[in-house]
Amino acid sequence: MAQLYLLAATVNVWVLVLILTAAFGFQLVAGEPPCPLCVVQRIALMMCALGPLSVLRQSRDGVLACRDIAVGSGIAIISALLGAAVSTRQVLLHILPGDPGFGSPFLGLHLYTWCLIAFVGQITASALMLIGSAWLKENERMAWRMTNVTAGAFVFIVVANLLSVIAEAGFNWDLPPDPVGYLLFKK
Amino acid sequence: MVYALFMILVLLTFCAMWRAHVLQIPLFLLTVAVVLLHVVSDMTTPLTLSF
């Protein structure tokens, strides 16, 4: 059961990293820098990943306890609630008929709508992991090799977003409401 | 820059978590609090963060 948990936590982190990578790729390919609310949603996605990463971290010691899963799931659920509040706000900002929304849609939905779906999915996944912890044997010993690679991918995408947002904001405290470029490189 | 600070807080939380430091949960809660404050301040003022 512990191995199944670690697999689920690893898949969870990789899904979040892939969502962040896709958003980052969309930003680079479509040439649309993220708006402030989009950046906050990305931060919430990063915070969601901290939950399963804390479960993976505990596995490095070779033992997984119910407490670790409870803490990890709690972190992910709180972060997903925060992200869902932000993406719901952005959906509501563009809900009036005739509003084209912000940015280009992807598969018919805007990125903030996809984000809302992702946050609801994260809450569901974390809740299922919490329920499943009832079947976890206390102090079950196991080995897991994917932890460092998964953590490395997470750090890489966070640092990439960090550099991107610094380039986008330049020396300003906040981002412009409707960003069109990277202020750090503009004279 | 404010968003860069939030991301640095996420990285700090991750580092504390990775080292099993006692500050991992306080740092996470601090990150949640500052992001929440930022979002609430946006929601209670005329449209500034969006679109």
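Residue positions are counted from 1 within each chain, in the order its sequence is given. Both sets of labels track the order of writing: A upward for chains, 1 upward for ligands. Two thresholds apply to this predicted model, a pLDDT of at least 70 for residue-level local features and 80 or more for giving and counting side-chain atom pairs, whereas whole-chain, interface and lining totals are computed over all residues.

*Asks:* Any chance you could explain the overall build of chain B here in plain terms?
*Replies:* Strands are runs of DSSP state E lasting at least 2 residues, helices are runs of H or I lasting at least 4, and numbering of each runs from the N terminus. What chain B contains, in helices and strands, is two helices and zero strands. Evaluated residue by residue, chain B yields a buried proportion of 29% over its 51 residues. With C-beta atoms placed from the backbone, the exposure class of a residue follows from how many other C-beta atoms lie within 10 Å of its own: 20 or more, buried; 12 or fewer, exposed; in between, partly exposed.

*Asks:* When you look at the packing of helix 3 (residues 66–93) of chain A against helix 2 (residues 24–43) of chain B in this model, what are you seeing that I'm missing?
*Replies:* Helix-helix packing: each pair is described by the crossing angle between the helix axes and the interaxial distance. Throughout, an axis means a line fitted to C-alpha atoms (over the contacting stretch in the case of helices), and angles, computed between N-to-C directions, take values from 0 to 180 degrees. Packing of helix 3 of chain A against helix 2 of chain B leaves a shortest axis separation of 11 Å and a crossing angle of 15°. Our classification of the angle between helix 3 of chain A and helix 2 of chain B gives roughly parallel. Of the two elements, helix 3 of chain A crosses helix 2 of chain B, and the hand of that crossing is left-handed. Together, I75, I78, L82, A85, V86 and R89 of chain A of helix 3 of chain A and F28, V32, V35, L36, V39 and M43 of chain B of helix 2 of chain B make up the contact between the two elements. Reported orientations rely on four angle classes, namely roughly parallel under 35 degrees, roughly antiparallel over 145, roughly perpendicular from 65 to 115, and oblique for the rest. When the near helix sits turned anticlockwise from the far one by under a right angle, the crossing is termed left-handed; a clockwise turn instead gives a right-handed crossing. C-beta atoms are first placed from the backbone for all residues, and any pair lying within 7 Å is then listed as a contact.

*Asks:* Honestly, the confidence of the model for chain B in this entry has me stumped. Any pointers?
*Replies:* Low pLDDT means the predicted atomic positions in that stretch should not be read closely. One confidence number per residue, pLDDT, is output by the predictor and ranges from 0 to 100. Taken residue by residue, chain B gives an average pLDDT of 87. The fraction at 70 or more is 88%. Listed scores for the predicted complex are pTM 0.91 and ipTM 0.89.

*Asks:* Help me understand the nonpolar core in this model?
*Replies:* Side chains of a nonpolar character, in soluble globular proteins, are inclined to be buried together. Think of a nonpolar core as buried Ala, Val, Leu, Ile, Met, Phe, Trp, Tyr and Cys residues chained together by C-beta atoms that fall within 7 Å. I43 and A49 of chain A are the most contacted members of the largest nonpolar core, which has 62 residues in total. Secondary-structure elements contributing two or more residues to this core are helix 1 (2–30), helix 2 (36–59), helix 3, helix 4 (111–132) and helix 5 (147–169) of chain A together with helix 1 (2–18) and helix 2 of chain B. Looking at this core, the element that brings in the most residues is helix 2 of chain A, giving 15 residues. Apart from the residues within four sequence positions on either side, A49 of chain A is in contact with V13, L16, V17 and F154 of chain A.

*Asks:* Would you explain the interface of chain B and chain A in this entry?
*Replies:* By a widespread convention, an interface's size corresponds to the accessible area lost as its parts come together. Between chain B and chain A, the residue contacts involve 24 residues of the former and 34 residues of the latter. Breaking the side of chain B that touches chain A down by element, the ones donating at least two residues are helix 1 and helix 2 of chain B. In terms of residue count, the dominant contributor to the side of chain B that touches chain A is helix 1 of chain B (11 residues).

*Asks:* Just checking my understanding: could you explain the environment of Q122 of chain A for this structure?
*Replies:* All names here are of chain A. Within the fold, Q122 resides in helix 4. The sequence separation of Q122 and T21 amounts to 101 residues, and the corresponding C-alpha distance is 17 Å. What Q122 contacts, discounting residues up to four positions off in sequence, is C48, A76 and A80.

*Asks:* Help me out: how do you make sense of helix 1 of chain B in this one?
*Replies:* Each α-helix turn comprises 3.6 residues. Residues three or four places apart therefore point the same way. Multiply 1.5 Å by the residue count of a helix minus one, and that product is the helix's expected span. The terminal C-alpha atoms of helix 1 of chain B, which comprises 17 residues, lie 24 Å apart, in line with the 24 Å expected from a rise of 1.5 Å per residue. Every buried residue of helix 1 of chain B is accounted for by Y3, F6, M7, V10, T13, F14 and M17 of chain B. Summarising the axial view, the buried residues of helix 1 of chain B lie within an arc of 110°, below the 170-degree limit, and thus occupy one face. Looking at the buried residues of helix 1 of chain B, the elements they touch are helix 2 and helix 5 of chain A together with helix 2 of chain B. A20 of chain B, located one to two residues past helix 1 of chain B, shows a positive phi value of around 55°. Taking the helix axis as origin, the arc is that swept by the directions to the C-beta atoms.

*Asks:* Looking at this model, I keep getting lost on the environment of T150 of chain A. Mind explaining?
*Replies:* All names here are of chain A. Positionally, T150 belongs in helix 5. For T150, a count of 22 C-beta atoms within 10 Å translates into the label buried. Along the sequence, T150 and A134 sit 16 residues apart, while their C-alpha atoms lie 26 Å from each other. Apart from residues no more than four positions distant in its own chain, T150 is found in contact with T10, V13, W14 and L56.

*Asks:* Looking at this model, I keep getting lost on the packing of helix 2 of chain A against helix 4 of chain A. Mind explaining?
*Replies:* All names here are of chain A. Between helix 2 and helix 4, the shortest axis-to-axis distance is 11 Å and the interhelical angle comes to 20°. Of the possible angle classes, the one that applies to helix 2 and helix 4 is roughly parallel. Along this stretch, helix 2 crosses helix 4, giving a crossing that reads as left-handed. Contacts between helix 2 and helix 4 involve L37, C38, Q41, C48 and G51 from the first element and L111, Y112, C115, Q122 and S126 from the second. In this classification, Asp, Glu, Lys and Arg are treated as charged, Ala, Val, Leu, Ile, Met, Phe, Trp, Tyr, Cys and Pro as nonpolar, and every other residue, Gly included, as polar. Here the contact of helix 2 with helix 4 is composed, by residue class, of six nonpolar, four polar and no charged.

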